[in-house]
Amino acid sequence: MRARLRHILRVYRRGIIFCAGIFFGAVFVISYWGLYPIAVVNGDWVSARRFNLHMNAAEQYETQEAATSTNPSVLRSKDLTVSIVSGLIEEQLIRQGAEKEFGAELKNLERQRTNAFLERASSIEAESKKYGLNKEKFEKEILRPQVVRDLLAGRLFLKSLRLEDWLLAEKRKASVSIFSEIFLWNGEEVVAR
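Analysis parameters
- Residues numbered from 1 in each chain as written.
- Predicted model: local features only at pLDDT ≥ 70, side-chain atom pairs only at ≥ 80, totals over all residues.
- Heavy atoms only, no water.
- Helix = DSSP H or I, 4+ residues; strand = E, 2+ residues; numbered from the N terminus.
- Rg over C-alpha atoms; globule rule 2.2 N^0.38 Å.
- Buried < 20%, exposed > 50% of the residue type's maximum accessible area, 1.4 Å probe, protein only.
- Contact = heavy atoms within 4.5 Å.
- Patch = residues over 30% accessible without salt bridge, like charges linked within 9 Å, V, L, I, M, F, W, Y side chains within 5 Å.
- Areas by Shrake-Rupley, 256 points an atom, 1.4 Å probe, with all protein chains shown as cover.
- Salt bridge = Lys/Arg side-chain N within 4 Å of Asp/Glu carboxyl O.
- Phe/Tyr/Trp six-rings, centres within 6.5 Å; stacked < 30°, edge-to-face > 60°.
- Pairing = 2+ DSSP bridges.
- Axes fitted to C-alpha atoms, helices over the stretch in contact; angles between N-to-C directions.
- Parallel < 35°, antiparallel > 145°, perpendicular 65-115°, else oblique.
- Left-handed = near helix turned anticlockwise from the far one by under 90°.
- Nonpolar A, V, L, I, M, F, W, Y, C, P; charged D, E, K, R; others polar.

Chemist: Would you take a moment to explain the overall build of the protein chain for this structure?
Modeler: Each helix and strand counted, the protein chain has eight helices and five strands in total. Its helices and strands taken in sequence order, the protein chain reads α-α-β-β-α-α-α-α-α-α-β-β-β from the N to the C terminus. Taken over C-alpha atoms, the radius of gyration comes to 22 Å for the protein chain, far larger than the 16 Å a tight globule of 193 residues would show. Seen through its principal axes, the protein chain has C-alpha atoms that stretch 75 × 40 × 40 Å. Split into buried and exposed, the 193 residues of the protein chain put 31% on the buried side. Partitioning the intrachain contacts of the protein chain with sequence separation of at least 6 by distance along the chain shows that 60% fall at a separation of at least 24.

The following block contains the structure:
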């Protein structure tokens, strides 16, 4: 058996080395670019890359606010992290709810509202600098999710519902998995262990 295994390794050595190189290269790329999920919300991933982008933007915003404000920030690193993870989960739930409510019409409405905001280029530029993001990242990560949130809130208002109540009900019935030893989903919110 051992001789046969040695023979197979000798014959297919280049193929094995090639496959191992591709595997370890893929693991490196996925880890380096943050393409792995930190949470799954009803089957949709929240990537580590998005989390890191939001975390850096929040830290940038906090340091700029601390420099210009007389009131010191009371957010600690763990609180900020919990807030970011909670926000990304809520963003996924709101996006999913908006897609159910608006269907194919959502993309057009989102584009129209976003373009209306982008017409005020100077204010968008100033806000994006506060977060340390370029204009495109600010539009994708901050502006578009807020537009979708506003659209869903308006639709729910027409049904005599508040977004906060709807979101609480969605959180209770959502399937959320967080891949962290520090944080967990208790059925309604992200909490530190």
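Chemist: Sorry if this is basic, but what is going on with a nonpolar patch on the surface here?
Modeler: Residues F28, V29, I30, Y32, W33, L35 and Y36 make up a contiguous nonpolar surface patch of roughly 740 Å² in combined accessible area. With respect to the secondary-structure elements, F28 resides in helix α2 (residues 13-33).

Chemist: Looking at this structure, I do not really get the packing of aromatic side chains. What am I missing?
Modeler: The description of an aromatic ring pair uses the distance of the two centres, along with the angle that the planes make with each other. If you walk through the whole model with that rule in mind, you get five aromatic pairs. On the numbers, 5.8 Å between centres and 20 degrees between planes, the contact of F28 with Y32 is stacked. Linking F28 with Y32, this pair stays in helix α2, spanning four residues, or about one helical turn. Here F28 falls in the exposed class, since its relative accessible area comes to 56%. Classification of Y32 as exposed rests on a relative accessible area of 58%. Taken together, a centroid distance of 5.9 Å and an interplanar angle of 40 degrees make the contact between Y131 and F138 tilted. We classify F138 as buried; its relative accessible area is 5%. Joined through ring pairs, the aromatic side chains of F28, Y32 and W33 make up one cluster.

Chemist: Sorry if this is basic, but what is going on with the sheet that holds strand β3 (residues 176-178) here?
Modeler: Think of a sheet as strands paired side by side through backbone hydrogen bonds, with each pair either parallel or antiparallel. Within the open sheet, the three strands sit side by side as β2-β1-β3. Their pairing is antiparallel. Here the strands that pair on one side only, and so sit at the sheet edges, are β2 (44-47) and β3. When the angles between neighbouring strand axes are averaged without regard to direction, this sheet yields 20 degrees. Against the sheet, helix α4 (residues 77-102) makes contact with β1 (37-41), β2 and β3, and its axis sits at roughly 150 degrees relative to β2, the strand it touches most.

Chemist: Got a minute to help me understand the packing of α4 against helix α7 (residues 135-158) in this structure?
Modeler: Helix-helix packing is characterised by the crossing angle of the two axes and by the distance between the axes. Running from amino to carboxyl end, α4 crosses α7 at an angle of 50 degrees, the nearest separation of the two axes being 9 Å. Of the possible angle classes, the one that applies to α4 and α7 is oblique. The handedness of the crossing between α4 and α7 comes out as left-handed. When α4 is examined against α7, the residues E90, E91, I94, R95, G97, A98, E101 and F102 are found in contact with a partner set consisting of E141, P145, V148, R149, L151, L152 and R155. Residues belonging to the contact of α4 with α7 are distributed by class as follows: seven nonpolar, one polar and seven charged.

Chemist: What should I look at first to understand the side chain of T81 in this one?
Modeler: On the secondary structure map, T81 appears in helix α4. Once residues lying within four places of it in the same chain are set aside, the contact partners of T81 are F51, M55 and F183.

Chemist: Just to check I follow, could you spell out unusual backbone geometry for this structure?
Modeler: Peptide bonds are trans in most cases, and residues, glycine excluded, mostly fall at negative phi. The phi angle at N42 is positive, at roughly 50 degrees, despite the residue not being glycine. In this fold, N42 is placed in the loop between β1 and β2. The backbone of S160 sits at a positive phi, close to 60 degrees, despite the residue not being glycine. Considering the arrangement of structural elements, one finds S160 in the loop between α7 and α8 (163-173). By relative accessible area, S160 is classed as exposed at 71%.

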